[in-house]
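A structural walkthrough
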Amino acid sequence: MTKETKTFETIPVGTKVSWHYRSAIGHGTVTGVHKLGTNADNTMYSVRETDHHPGEPAIVHHSGKALSRV
């Protein structure tokens, strides 16, 4: 049994990204891959929020489809 290699690129660590959240836009920096999917859109990323509010987590997880590079 051979292991299948992934042939797509993930968003690199350190990339500044934004995403829509309710009626606002979140901003942050990719800190790593949270869960590798079958393509870049369904791969989950860990993102350190730069504008989080007290009580919200500093690191959130979003799919590649939800993230936009800034």
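Now for a description of the structure that goes with this document. A quick note: this is a predicted structure, and the numbers were derived from the prediction, not measured.

Before going further, it helps to examine the overall build of the protein chain. Of the regular secondary structure elements, the protein chain holds 0 helices and 5 strands. Written out in order from the N terminus, the α and β elements of the protein chain read β-β-β-β-β. By its C-alpha atoms, the protein chain is 50 × 20 × 20 Å across when sized along the principal axes. Counting all 70 residues of the protein chain, 29% fall into the buried class. Across the protein chain, contacts joining residues at least 24 apart in sequence account for 36% of those joining residues at least 6 apart. On the protein chain, roughly 5,200 Å² of surface is accessible, and the fraction owed to carbon and sulfur atoms is 54%. Both charge centroids of the protein chain, one from 8 positive and one from 6 negative side chains, sit 4 Å from each other.

Note: strands within a sheet are paired through backbone hydrogen bonds, in either parallel or antiparallel orientation. An order of 4-3-2-1-5 is seen for the 5 strands of this open sheet, with the pairing classed as antiparallel. Every other strand in the sheet has two partners, leaving strand 4 (59-63) and strand 5 (68-69) as the edge strands with one partner each.

Rules behind the numbers
Residues numbered from 1 in each chain as written. Predicted model: local features only at pLDDT ≥ 70, side-chain atom pairs only at ≥ 80, totals over all residues. Heavy atoms only, no water. Helix = DSSP H or I, 4+ residues; strand = E, 2+ residues; numbered from the N terminus. Buried < 20%, exposed > 50% of the residue type's maximum accessible area, 1.4 Å probe, protein only. Contact = heavy atoms within 4.5 Å. Areas by Shrake-Rupley, 256 points an atom, 1.4 Å probe, with all protein chains shown as cover. Lys, Arg positive; Asp, Glu negative; His and termini not counted. Charge placed at Lys NZ, Arg CZ, Asp CG, Glu CD. Pairing = 2+ DSSP bridges.

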